[in-house]
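# Summary of structural features
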Amino acid sequence: MKEWFDIKELVCPHVYDRHGESAWRLFDPRIIEVMTWLRRTINKRIYVNMPSLGLTQRGLRCNLCSLVKAKTEAGILYVSPHLLAAGFDFDVEGMTAEEVRQWLVQHKEELPYPIRIEQDVNWVHLDVLTNSKEKIIFFPAT
């Protein structure tokens, strides 16, 4: 995965500031394998965090990230694949989110692990937190 992504693209700034390049060790190995397979197979640039657009919480999030912190302060339980380093939100160069989801469905038998995909959002959320034998599980946007 390191040949396709810079760790800064995959973790929030807090995690990078604390762990730097060693943040790679925090990720679930399944998500690393799935994202490596996806990048190699789809053969297009994948964008996770894009600080220039204000997008810094699309990979690994921590308790200091505003999205997580706000839920904690409001007393809302927040458990997410992003907190567990097992999921990403991303865009693929030249494709809409729906085109990427359909591409994944067309290539599901090639997936190295079953995945979950969020529906009805204008980005792709993909994670590996499923025990299903189905290759792809869709879930509603929250």
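Our structure is the block above this text.
Residues numbered from 1 in each chain as written. Predicted model: local features only at pLDDT ≥ 70, side-chain atom pairs only at ≥ 80, totals over all residues. Heavy atoms only, no water.

## Structural notes on the packing of aromatic side chains
Note the threshold: Pairing of aromatic rings covers Phe, Tyr and Trp, the last counted by its six-membered ring, and requires centre-to-centre distances within 6.5 Å; plane angles under 30 degrees mean stacked, over 60 mean edge-to-face, and any other angle means tilted. Secondary structure elements follow DSSP: runs of H or I of four or more residues count as helices, runs of E of two or more count as strands, with numbering from the N terminus. We call a residue buried when its accessible area falls under 20% of the maximum for its residue type, exposed when it is over 50%, and partly exposed in between, using a 1.4 Å probe and counting protein chains only. Think of it as a cone above the ring: NZ of Lys or CZ of Arg counts as a charge over the ring if it is within 6 Å of the ring centre and within 35 degrees of the ring normal.
Under the criterion given, the structure shown has three aromatic pairs. Taken together, a centroid distance of 5.7 Å and an interplanar angle of 45 degrees make the contact between Trp37 and Trp103 tilted. Placement of Trp37 in helix 3 (residues 29-42) and of Trp103 in helix 5 (residues 97-106) is noted, with a sequence separation of 66 residues between them. Note on accessibility: Trp37 and Trp103 belong to one class, buried. Members of the aromatic cluster, each reached through a chain of ring pairs, are Trp24, Phe27 and Phe88. It is Arg116 that lies over the ring of Phe139; its NZ or CZ is 4.1 Å from the centre.

## Re unusual backbone geometry
Across residues other than glycine, the phi torsion is negative in most instances, and most of the peptide bonds are trans. The phi dihedral of Asn43 falls on the positive side, at around 55 degrees, and the residue is not glycine. Relative to the helices and strands, Asn43 is located in the loop between helix 3 and strand 1 (46-47). Positive phi values are uncommon outside glycine, yet Ala85 reaches one of about 55 degrees. As for its position among the elements, Ala85 is in the loop between helix 4 (66-73) and strand 2 (87-92).

## Overview of the sheet that holds strand 1
Here is the rule we go by: Criterion used throughout: strands pair if DSSP finds at least two bridges between them. Should any heavy atoms of two residues lie within 4.5 Å, those residues are considered in contact. Simply put, an axis is a line fit to the C-alpha atoms, just over the touching stretch for a helix, and the angle between two N-to-C directions goes from 0 to 180 degrees.
The mixed open sheet is built from five strands, whose spatial order is 1-2-4-3-5. Pairing within the sheet leaves two strands with one partner each, and these edge strands are strand 1 and strand 5 (136-139). Bridge count for strand 3 (residues 115-118) against strand 4 (residues 124-127) is two bridges, and the pairing is antiparallel. Following the sheet pairing, Ile117 is matched in strand 4 by Leu126. Contacting strand 1, strand 2, strand 3 and strand 4, helix 3 runs over the sheet at an angle of about 10 degrees to strand 2.

## A few points about the pairing of strand 4
Of the two faces of strand 4, both are covered, the one formed by Val124 and Leu126 as well as the one formed by His125 and Asp127. Connecting strand 3 to the next strand, strand 4, in antiparallel fashion are five residues, including Asp120 with a positive phi near 60 degrees.

## A few points about helix 3
Quick note on the threshold: Expected helix span is given by 1.5 Å per residue-to-residue step, counting one fewer step than there are residues.
In this model, helix 3 (14 residues) spans 20 Å end to end at C-alpha, consistent with the 20 Å of a helix rising 1.5 Å per residue. For helix 3, every residue scored as buried is listed here: Ile31, Ile32, Val34, Met35, Thr36, Trp37, Leu38, Arg39 and Ile42. Buried residues belonging to helix 3 abut strand 1, strand 2, helix 5, strand 3 and strand 4. Backbone geometry just downstream of helix 3 places Asn43 in the positive-phi region, at approximately 55 degrees.

## Brief notes about the state of the cysteines
Put simply, the test is: Cysteine sulfur atoms are paired as a disulfide whenever they come within 2.5 Å of each other.
Applying the stated criterion across every chain yields a total of zero disulfides. With no disulfide partner, Cys12 has as its closest neighbouring cysteine sulfur the one in Cys65, 3.5 Å distant. Assessed through its relative accessible area of 0%, Cys12 is described here as buried. Cys62 takes part in no disulfide bond, and the closest cysteine sulfur to it belongs to Cys12, at a distance of 3.7 Å.

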